[in-house]
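Fold and contact review
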Amino acid sequence: MKTMMKRFLIAAVAALCLAGLVSFSAYAAGQDAGVRKHARWTVMVYLNGNNNLAPDILRVVNEMEQTGSNSDVQMVVHMARSTKDLTPPAQYKQLKSGLIVPTNKIVTMDDVVGGSARYHVTKDSNSAVISFAMVTDADPASPATLLDFMRWGKSAYPADHYLLMMYGHGAGMLGTSAGDQNGGHSRMSIPDLGFVLRAAKGVDVLFFYSCLMQMAEVSARLDGAKLIIGSETSMLTNVPFTDMFEAVQQNAYQGAEGMAAGIFKAVAQNDTRLGRADPVFTLSVVRPSGLKNVIAALNEYVSAIISEHDLQSSLFARDKVLRMDSDTSSMYNDYCDLGHFIQLQASASGSEKVRSAAKALLTVIYKDYVVTAAQEDSARSRLTSGVSVYMPSKNHRIMDSYSSNPFGASKWGGFLRWVNLSRDGSGFDEAMRKRR
């Protein structure tokens, strides 16, 4: 009898404990459900401040917190800041080379420690502090770090649509998310970024808040993004992110194109360089899937130029085209506006066949690839098409690795080599005969 009573008491206590555990689990699940609710959009912001952008990183996060997350839009951040000497947010200036740097030297210790942090952004009106949980000090230029962040963001905060914003230094087709680790040579390659996007099951909108990233050779490798927002030239650090993230909230019930349009408008209207002479600011939205048709039309265009031996018009366009960096010694001087090059070359050509192919190519670019581009009433701004392309200047030779890019593998790559055989056109026919 005593044994039976003992067993009964043990069973009763176990039942109470189990009930308590279930109750606690339900409570925890209920608490977590508020965070894990299937949102309309999850915004993943990847901030690489492991460089001279470190002073501005906290401002970006603070302005995100003024908007915060809600049931429709969840915002998560992966932030990396250099552990070297930092300064509080400073005024920035644009160099002739196109780089944006602080106006003061970085010599004062910041009162916020460096390192890496990952967290869910909630609404907070206190601009003096940010709250975050530290994570491993991984290299933000590593594709593994970005992939881990994206998988975490999608798993913890599932949504109908996903937006990835990458903030940091960009170098066009040469890479993005450049940092000071590994002796200053830390950078994520575009093929690696393409792999990450595919492995993370893609995003609806990819926003490069980085210089030089709206390039045909870049989006040719990023089929994991439905739309890409970016600039052919440089991005300013003083654009109010409050406006941008408010635009995200206002367009929560939109799809990819509506969301991209809202962000595009918020950023473009706040950049004071838009329409000014030097450097011209560009911002555009492109659809990577449209590049398949662009490349087909580009092949026809190049074939027409070569069949018509239209070298002089090509050299004229090469030398007069709007370039993304006016410094001829810069590697970015080899990036030029795609639409402007086509227009210049066609206008200088005496061949109706070439002009017709150029017109067809421009039609495809604006129909299938470039969704929208920022232009204002100024001469240089009207030259921009919204996307750049690799076109070595007469001072530079074509890169050997260019043929590995989808654009380089097309007839455009052959066209560049065709043009690049001669710096000024003299001796071109002789060079071509030797090649035959």
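Scroll up to find the structure.
Here goes a summary of the coordinates provided.

What counts, and where the lines are drawn
- Residues numbered from 1 in each chain as written.
- Predicted model: local features only at pLDDT ≥ 70, side-chain atom pairs only at ≥ 80, totals over all residues.
- Heavy atoms only, no water.
- Helix = DSSP H or I, 4+ residues; strand = E, 2+ residues; numbered from the N terminus.
- Buried < 20%, exposed > 50% of the residue type's maximum accessible area, 1.4 Å probe, protein only.
- Contact = heavy atoms within 4.5 Å.
- Areas by Shrake-Rupley, 256 points an atom, 1.4 Å probe, with all protein chains shown as cover.
- Salt bridge = Lys/Arg side-chain N within 4 Å of Asp/Glu carboxyl O.
- Polar contact = N/O pair within 3.5 Å; in protein donor to acceptor, adjacent residues only side chain to side chain.
- Expected span 1.5 Å × (residues − 1).
- Arc of directions from axis to C-beta.
- Pairing = 2+ DSSP bridges.

1. Description of the overall build of the protein chain
Looking only at helices and strands, the protein chain features 15 helices and 16 strands. The buried share of the protein chain, reckoned over its 436 residues, is 54%. For the protein chain, contacts bridging at least 24 residues in sequence account for 74% of all contacts bridging at least 6. As presented, the protein chain carries roughly 19500 Å² of accessible surface, and 54% of it is formed by carbon and sulfur atoms.

2. Things to note about the pattern of salt bridges
Evaluation of the coordinates by the stated rule reveals seven salt bridges. Its salt-bridge partner being R198, residue D223 comes within 3.4 Å of it at the nearest N-O pair. Of this pair, D223 sits in the loop between α6 (216–219) and β12 (225–230) while R198 sits in helix α5 (residues 190–199), and the two are 25 residues apart along the sequence. Under the relative-accessibility criterion, D223 is labelled exposed at 56%. Since its relative accessible area comes to 44%, R198 is described here as partly exposed. One salt bridge in this structure joins R355 and E352, with 3.0 Å as the shortest N-O distance. With R355 and E352 both in helix α12 (residues 352–369) and three residues apart, the pair spans about one turn of that helix. A relative accessible area of 33% means that R355 is categorised as partly exposed.

3. A word on the side chain of S313
Looking at where S313 falls in the secondary structure, it is placed in helix α10 (residues 311–320). A polar contact of 2.7 Å, which involves the side chain of S313, links it to the side chain of D310. With residues up to four places along the chain from it excluded, the contact list for S313 reads Q345, A348 and S349.

4. Looking at α12
Its 18 residues give α12 an end-to-end C-alpha distance of 25 Å, which sits within 8% of 26 Å, the value for a rise of 1.5 Å per residue. When α12 is considered as a whole, its buried residues turn out to be V354, A357, A358, L361, L362, V364, I365, D368 and Y369. Looking straight down α12, one finds its buried side chains confined to an arc of 160°; they lie on one side. Exposed side of α12, more than 90 degrees from the buried face: E352, K359 and K367 are the residues found there. Considering only its buried residues, α12 is in contact with α6, β13 (284–286), α9 (291–307), α11 (338–348) and β15 (370–373).

5. Some points on the environment of A346
Looking at the secondary structure, you find A346 in helix α11. As a C-alpha pair, A346 and A317 span 29 residues in sequence and 8.7 Å in three-dimensional space. Excluding residues that lie within four positions of it along the chain, A346 makes contacts with R355 and A358.

6. Section: the pairing of strand β1 (residues 39–49)
Extensive coverage of β1 is indicated by the burial of 10 of its 11 residues. Both β1 and strand β7 (residues 159–167) contribute to a ladder of eight bridges, which runs parallel. Bridge assignment links W41 to a residue of β7, and that residue is H161. As paired elements, β1 and strand β2 (residues 73–81) share nine bridges and run parallel to each other. Directly across from V45, in β2, lies its bridge partner V77.

7. Details of the environment of V218
With respect to the helices and strands, the residue V218 is situated in helix α6. The exposure class of V218 is buried, given its relative accessible area of 0%. Through-space distance from the C-alpha of V218 to that of P191 is 8.7 Å; in sequence the pair is 27 residues apart. Residue contacts for V218: discarding those within four places in its chain leaves G172, M173, I190, F208 and M213.

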